[in-house]
Amino acid sequence: MAVGKLYERVARQLAGQIEQGLYRPGDRLPGVRRLARQFEVSISTVVQAQRLLEDDGLIEARPRSGYYVRVAYCPRPEPPAVSRPPVRPVPVTGQELVLRLVQTANEPDCVQLGAAVPAPEFLPAGAIQRALSTAARAGPEQLATYQFPPGSPELRRQIARRMLEAGCRVSPDDIVITSGCQEALILALRAVAKKDDVVAIESPSFYGLLQAIESLGMRALEIPTDPATGMSVEALELALEKWPVKACVLTANFSNPLGSIMPPDKKRALVALLAGYRIPLVEDDIYGDLGFEDQRPPALRAWDDTGGVIYCASFSKTLSPGLRVGWMLPGRWQEDIEYLKYVTSLAAPTLSQLAVADFLRHGGYDRHLRQVRSAYARQVAVMTRAVSKYFPDGTRVTRPRGGFVIWVELPESVDALGLCRQALAQGVSIAPGPIFSASGKYRNCIRLNCAQPWNDTLDRAVMTVGRLAQL
Ligand SMILES: Cc1ncc(COP(=O)(O)O)c(C=O)c1O
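Keep in mind that this is a model prediction, so the values were computed, not measured. (Residues numbered from 1 in each chain as written. Predicted model: local features only at pLDDT ≥ 70, side-chain atom pairs only at ≥ 80, totals over all residues. Heavy atoms only, no water.)

Near the ligand the following residues occur: Gly-180, Cys-181, Gln-182, Phe-206, Asn-256, Asp-284, Ile-286, Tyr-287, Ser-314, Ser-316, Lys-317 and Arg-324. At 2.8 Å, a side-chain N or O of Asn-256 approaches an oxygen atom of the ligand. Contacts to the ligand include Ser-316, whose side-chain N or O atom sits 2.6 Å from an oxygen atom. Coverage of the ligand by the protein chains reaches 90% of its 390 Å² of free accessible surface. (Near = heavy atom within 4 Å. Polar contact = N/O pair within 3.5 Å; in protein donor to acceptor, adjacent residues only side chain to side chain. Areas by Shrake-Rupley, 256 points an atom, 1.4 Å probe, with all protein chains shown as cover.)

In structure tokens form, the structure reads like this:
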């Protein structure tokens, strides 16, 4: 069952029926009583759900006649096909463009569809402020000191409790606190591989990972990836036979940029395959708490019984990217990673660690997650509809089941880098496809961030990008 308030769930189910073509543009929806019976909810819940769909532009009221699917309603675009990158190791280059892109995220006049950063409206700012104030009042023996690796004991205790939701029974001693997930990924790579080594990754893949591989002088091996179910285990197996892979890094739950989620059987098969080859598996689970369904999906780490999975995550997408609090479960590299964390930056910031520990204890993290997951499901649906309305025919869009980004495949003729430059000149930032690939693929793809409150400015921004893509 989906998360969120009852009327939001009903609205999502109705939207799903419209998207599946059960009701076509111009069709009348059944009356409120009938819908109330169908969904086993009250009439007022149906009325609220209908208002939501009206606000989202899916349906329109006609006087004394009920609700109709809008004539201008565009059906949801098809998802992109499974990716087919050239499966050979390549050095990563040219990622400097990304810094310019993320810098635009902080420019006040730019509509920010580029970086995968939630707008402040989607973060629990008030509760974080309270947690920071509480942390700031801690005694100097706690505050005015390093929290050397593995990091704050209370924060690790809180995280160990949360890891049960992801199917992982761990002790606080199994956890190392990091400065965000990016640092966790870099520490993991440094622990298991060295310069020139080959690292297998999804394709397309989060550009921060490509930058990590670039900065460590390693080589990326892009593996075909299904936009719905993630990296192909068969393709990975073939690659392992052919290339001297030293590590595999992936996001099994709501990957960035595809939003794919691996089904449990595939997760089990992947962990077993890599364990069989004794190849470390680095899991990036930063979006794991942001699924659109009630049940939090298990992490790959849940199937690990050899200590071969290094789990990485952070609170950047759920609480605040600025706190810079992440964590990892280093498995059999616990000592190495504690030491690498120490020599890299001594410790994660004390105040942030105390604040996040306080938030997890008192701040209503689960309540916040319920609200924001439901909000993101809606944001993704609204953005997808805007794309189908404004973008050229033949555009394909992923159907993420969590997170807050969509991956858009434009017709072959569109050059995403050029589109990105032109959109920026018009005050809109987007993330161009090639920065998600080590082999320069995805020249006609872009990623859009949906975690911005929907309003006319945003609608116009998507229209601008769509218009530029039509030229
Ligand atoms: C998949 C993925 N991993 C890691 C990161 C980096 O996270 P952090 O800000 O916690 O370092 C991001 C941020 O965009 C991401 O999308």
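From this point, the narrative continues.
The next subject is the pairing of strand S13 (residues 326-329). Judged by which residues are buried, S13 turns out to be covered on both faces: Gly-326 and Met-328 on one side and Trp-327 and Leu-329 on the other are all buried. Relative to S13, strand S5 (residues 176-178) runs antiparallel, the two sharing 3 bridges. Considered in S13, the bridge of Ile-177 is made with Trp-327. With 4 bridges connecting them, strand S12 (residues 309-314) and S13 associate as antiparallel partners. What sits directly across from Cys-312, in S13, is Met-328. (Buried < 20%, exposed > 50% of the residue type's maximum accessible area, 1.4 Å probe, protein only. Helix = DSSP H or I, 4+ residues; strand = E, 2+ residues; numbered from the N terminus. Pairing = 2+ DSSP bridges.)

Evaluated as defined, the whole model comprises 13 salt bridges. The closest approach of N and O atoms between Arg-162 and Asp-366, which form a salt bridge, is 2.9 Å. Linking Arg-162 in helix H7 (residues 153-163) with Asp-366 in helix H14 (residues 365-390), this pair joins segments that are 204 residues apart in sequence. Since its relative accessible area comes to 19%, Arg-162 is described here as buried. (Salt bridge = Lys/Arg side-chain N within 4 Å of Asp/Glu carboxyl O.)

Let's shift gears to helix H10 (residues 233-242). Restricting attention to buried positions, one finds in H10 the residues Val-233, Ala-235, Leu-236, Ala-239 and Leu-240. Along the axis of H10, the buried residues cluster in a sector spanning 155°; they form a single face. Away from its buried face by more than 90 degrees, H10 exposes Glu-234, Leu-238, Glu-241 and Lys-242. Buried-residue contacts for H10 involve strand S6 (198-202), strand S7 (219-223), strand S9 (230-231), strand S10 (245-250) and helix H11 (264-276). (Arc of directions from axis to C-beta. Contact = heavy atoms within 4.5 Å.)

A separate point is the packing of H10 against H11. Two numbers describe how H10 lies on H11: the axes approach to 10 Å, and their chain directions differ by 10°. As far as their axial angle goes, H11 and H10 are roughly parallel. The segment H10 lies against H11, with Val-233, Leu-236, Glu-237 and Leu-240 engaging Lys-266, Leu-270, Leu-273 and Leu-274. Taken together, the residues of the contact of H10 with H11 break down into 6 nonpolar, no polar and 2 charged. (Axes fitted to C-alpha atoms, helices over the stretch in contact; angles between N-to-C directions. Parallel < 35°, antiparallel > 145°, perpendicular 65-115°, else oblique. Nonpolar A, V, L, I, M, F, W, Y, C, P; charged D, E, K, R; others polar.)

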